Amino acid sequence: MNLFERIKNSITADVHELLDQKEEKNPLSLLNQYLRQCEQEVNKARKLVERQQLLKDQFVREIQEAEAKAAKRSHQAELAQQANEQELYQFAIQEKEQHEARAGKLKESAAQTEKDLTELEQKYEQMKHKLKDMQIKRMELMGRENVARAHRKMDRVIEPSNVLKNTAFKFDELENYMDRLEQKVNADYYASSMEAKLAKLEKDWKKEETPTTV
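Residues numbered from 1 in each chain as written. Predicted model: local features only at pLDDT ≥ 70, side-chain atom pairs only at ≥ 80, totals over all residues. Heavy atoms only, no water.

Q: Got a minute to help me understand unusual backbone geometry in this structure?
A: If you check the backbone angles, Asn84 has positive phi at about 60° while not being a glycine. Topologically, Asn84 is positioned in the loop between helix H3 (27-82) and helix H4 (86-158). (Helix = DSSP H or I, 4+ residues; strand = E, 2+ residues; numbered from the N terminus.)

Okay, structure coming up:
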């Protein structure tokens, strides 16, 4: 019974207070760890209940066996009495009384065992309900965490953070640089084009100045 009291106390601890103390250290992770511990305790309790049930069933079998032996000796005592076998009659009667006494003690033990089993089953059910409540609490926290993450991701698109602003600023700088580079390339192309035109003009002029050979 002390074990069940300890398990019950550990599961009925104030989870909310525990989360408040560790709010900055991922409450969902903390709750998952606590739930794993509780699940282990519930499994231990289940095994104890099953063991108590097996003990109760064993008492029932022992009672049935003792009563069957008592009935058998009672019938044998009647036969011995009819046959005027006093020694056999006394032996059968003594055996019958011993089996009946054993059956009586077994019934008392079985009654206590059944009472204890009922109490253990009730506490076990309480433990399962408490565990279920905490599992639902975990689902609620998971939902809140998911919403918080979604909001953060959406806010980055709707209202860029400082990081995105800095990135946008860098893209502006890059765009300005590309504009300047394009202007320089265009200027170089223009100068190169003019140079080529002047060179062609000079070449054509030289051809005109050269006398034609007959």
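Additional details are given in the paragraphs that follow.
Q: Would you take a moment to explain the nonpolar core for this structure?
A: If you look at soluble globular proteins, the nonpolar side chains tend to sit buried side by side. One finds Leu35, Cys38, Val42, Val49, Tyr124, Leu131 and Met134 to be the most contacted residues of the largest nonpolar core, which totals 15 residues. When residues of this core are traced back to their parent elements, those giving at least two are H3 and H4. At eight residues, the largest contribution of residues to this core is made by H3. By size, the runner-up hydrophobic cluster in this structure holds six residues, among which are Phe59, Ile63, Ala66 and Leu106. (Core = buried A, V, L, I, M, F, W, Y, C linked by side-chain atoms within 4.5 Å. Buried < 20%, exposed > 50% of the residue type's maximum accessible area, 1.4 Å probe, protein only.)

Q: Hey, could you run me through the confidence of the model for the protein chain in this one?
A: As a note on interpretation, predicted positions should not be read in detail where pLDDT is low. Looking at the protein chain, pLDDT values average 77 and 64% of them are 70 or higher. Summarising per-element confidence for the protein chain, the mean pLDDT is lowest in helix H2 (residues 15-21) (51) and highest in H3 (89). (pLDDT = per-residue confidence, 0-100.)

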